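Report on the structure
Listed below are the residues making up each chain.
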Amino acid sequence: MKKFEVAVIGGGPGGYTAGIRLQQYGINAVVFEKARLGGVCLNWGCIPTKALVKIADLYQEVKDREQSGVFISDTKVDFQATMNYKDEVVEKLVSGIEYLYKRREIPLIEEEVIEIKSESDGYIIITSESEYKCDYIILATGSKPKEIGNLKFDGQQVLSSRDILSLSELPESLAVIGGGVIGCEFASIYQQLGVKVSIIEFLPNLVSMEDNEISKRLQIMMKKRKIKIYTKTNVNEIEKQDDKVILHLSTGKTMEAEKVLMSIGREPVCEIKFNGFELIKDRGFVTVDPELRTNNRRIFAIGDLTGKLMLAHTASKQAMLVAEVLNRELRGEGEGAFSINYSDIPRCTFTSPCIGSVGLTEYQAKEKYGEIETGKFMFSANGKAIASGNTEGFVKVIIEKKTGLIRGMHIIGPEAVEMIAQGSIMINLSADINKLKSLVFAHPTLSEAIGEALEDSENLAIHKM
Ligand code: FAD
């Protein structure tokens, strides 16, 4: 039986990163993946959606260009070619990770793990094909789209976020159940490609984990783009007919659409039989301590399976932390692992306009710190945004009054998802408003809006009345 020091189960951004970092530390680790390296993120999540976002934004921009004097006639989207482009992007990235594994000679076993048996001197990993022995385990089996009650996917008319990535034709209309990040991203993509889109959300706001002003602004901008939004509304029943789906809403009304995307959340996946031990879970998510250890010292869990801010970069950072912990434990090397502060992880929503946020919302900061200052600057007064013809949105900063520390940054508008890294650095390096006074933002850039928002927290923004 082959023996490894560490078995990583799942090759998504959590698992594949763990495999590489452990190899960099000289730890004898193996990765098990039942589908393809890259997991949901590279194959059915972040990357294919962002390829579609690029095309949808490009198409929108070309259509909006006429006032700048650029005329492009006969603009149309060839949906099949768009989907082919998306598949090529995925293939390029996934094969890139596979190449890294080959070149680094990291053992990759492309089999499903079905059972883990605990023994006095380690664990036996049982796959569909064979058995392996290991001392430590990192569980990184991820998550899948959720169904509730009578709301179920059929892959034809009622689609999951994975099904919608394999459509061969653009539907005439799309109803999106769930106005969270994934639902809003698809709503935005399909609306820009010319589909009639509606969103049904049970909470009062779309992307409800965002700062209130940001989610309200997204809602206004989506409505402007003719996306119909029904908040505080539930879907009670989905009635399927040959060529359409009828949604029965909690308001007593009905709504028709050719296709339905159901994106009401994600649930953990861990269909492995545990023999001789149990894992403590909370609503299905594996409970971990700050070092990502489960209740079994030698079993770690990372990524979506832990239910902490379910994002690819959370999973990969957790993987790096576990690798550091193991490097210290197995080799006695390293200074000790860093810690992860989950509220300081940036969150990006790739809608049009896009959102980038980090740290606390205004409400959370008030709850936690009492007195706060906020600063806000609109892109409509930013030179680069005006020159680029894209002035939707704003930057908002949240500052703790007592210490002057930046506690949150929230951006909606052009390049928000790129700009938010500046907020991450400020918050992670504990920058306070006084230290930031010497910071110079290049002109003309969108980032100047961050500088003006910081200045606005003291009513000193130059380009604001
Ligand atoms: P996963 O990526 O789910 O990978 C788990 C892997 O484990 C899978 O490959 C699976 O095949 C394998 N596996 C499971 N069980 C077994 C077993 N028993 N044996 C062997 N292998 C097994 N996040 C972002 O940060 N930015 C985005 O823009 C973004 N966009 C998204 C868009 C969509 C449509 C979706 C659905 C998600 C998006 N996410 C995004 C979230 C991101 O994809 C996840 O947070 C991330 O993939 C989680 O990584 P993971 O390693 O925990 O698990």
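Residues numbered from 1 in each chain as written. Predicted model: local features only at pLDDT ≥ 70, side-chain atom pairs only at ≥ 80, totals over all residues.

**Looking at the nonpolar core**
Let me state the cut-off plainly: In plain words, the nonpolar core is the set of buried Ala, Val, Leu, Ile, Met, Phe, Trp, Tyr and Cys residues that C-beta atoms within 7 Å link up. Three classes are used. A residue is buried when 20 or more other C-beta atoms lie within 10 Å of its own, exposed when 12 or fewer do, and partly exposed in between, with C-beta atoms placed from the backbone. By definition, residues are in contact whenever their C-beta atoms, placed on the basis of the backbone, come within 7 Å of each other.
Judged by nonpolar contacts, the single largest core of 122 residues is most densely connected at Val-6, Ala-7 and Leu-139. Aside from chain neighbours lying at most four places away, what touches Ala-7 is Val-30, Phe-32, Ile-125, Tyr-132, Cys-134 and Ile-137.

**Re the sheet that holds strand 25 (residues 406–412)**
The criterion, for reference: Strand pairing is assigned whenever DSSP detects at least two bridges linking the two strands. Here a strand is any run of E in DSSP of at least two residues, a helix any run of H or I of at least four, and the numbering for each starts at the N terminus. Note on geometry: axes are C-alpha line fits, over the in-contact stretch for helices, and angles between N-to-C directions span 0 to 180 degrees.
The strand order across the open sheet built from 5 strands is 21-22-25-24-23, with neighbouring strands paired in antiparallel fashion. Because the sheet does not close on itself, it has two edges, and the strands there are strand 21 (347–349) and strand 23 (372–378). Direction aside, neighbouring strands of the sheet carry axes that sit 10° apart on average. Against the sheet, helix 10 (residues 416–428) makes contact with strand 21, strand 22 (355–359) and strand 25, and its axis sits at roughly 10° relative to strand 22, the strand it touches most.

**Some points on the pairing of strand 25**
Across the 7 residues of strand 25, 7 count as buried, placing the element largely inside the fold. Here strand 22 runs beside strand 25; their pairing, made up of 5 bridges, is antiparallel. What sits directly across from Gly-359, in strand 25, is Gly-408. Examined bridge by bridge, strand 24 (residues 394–400) and strand 25 share 6 bridges and lie antiparallel to one another. Within strand 25, the residue paired with Phe-394 across the bridge is Ile-412. Between strand 24 and strand 25, which pair antiparallel in sequence order, lie 5 residues; one of them, Gly-404, sits at a positive phi of approximately 80°.

**Describing helix 1 (residues 13–24)**
Our working rule: Each helix should span, by expectation, one fewer than its residue count multiplied by 1.5 Å.
Between the first and last C-alpha of helix 1 there are 16 Å, a value that for 12 residues agrees with the 16 Å anticipated at 1.5 Å per step. Taking burial as the measure, the 12 residues of helix 1 include 10 buried ones, the bulk of the element. Within the span of helix 1, buried status applies to Pro-13, Gly-14, Gly-15, Tyr-16, Thr-17, Ala-18, Gly-19, Ile-20, Arg-21 and Leu-22. Close packing links the buried residues of helix 1 with strand 1 (2–9), strand 2 (29–32), helix 2 (39–44), helix 4 (79–104), strand 6 (131–139) and helix 7 (312–331). Following helix 1 by one or two positions, Gly-26 adopts a phi angle in the positive range, close to 75°.

**With respect to the pairing of strand 9 (residues 173–177)**
Selection criterion: Orient the strands so they point away from the viewer, and a crossover whose first-strand-to-second-strand path over the helix runs clockwise is right-handed.
In terms of residue burial, strand 9 counts as a mostly covered element, since 4 of its 5 residues are buried. With helix 5 (residues 181–192) bridging strand 9 and the parallel strand 10 (residues 196–200), this β-α-β connection has right-handed handedness. Bridging between strand 9 and strand 15 (residues 259–262) involves 4 bridges; their strand directions are parallel. Within strand 15, the residue paired with Ile-177 across the bridge is Met-262.

**Observations regarding the sheet that holds strand 15**
Strand order across the open sheet formed by 5 strands is 8-15-9-10-11, with parallel pairing between neighbours. Edge positions in the open sheet fall to strand 8 (158–159) and strand 11 (228–230), since each of these has one partner strand only. Against the sheet, helix 5 engages strand 9, strand 10 and strand 15, with an angle of about 165° to strand 10.

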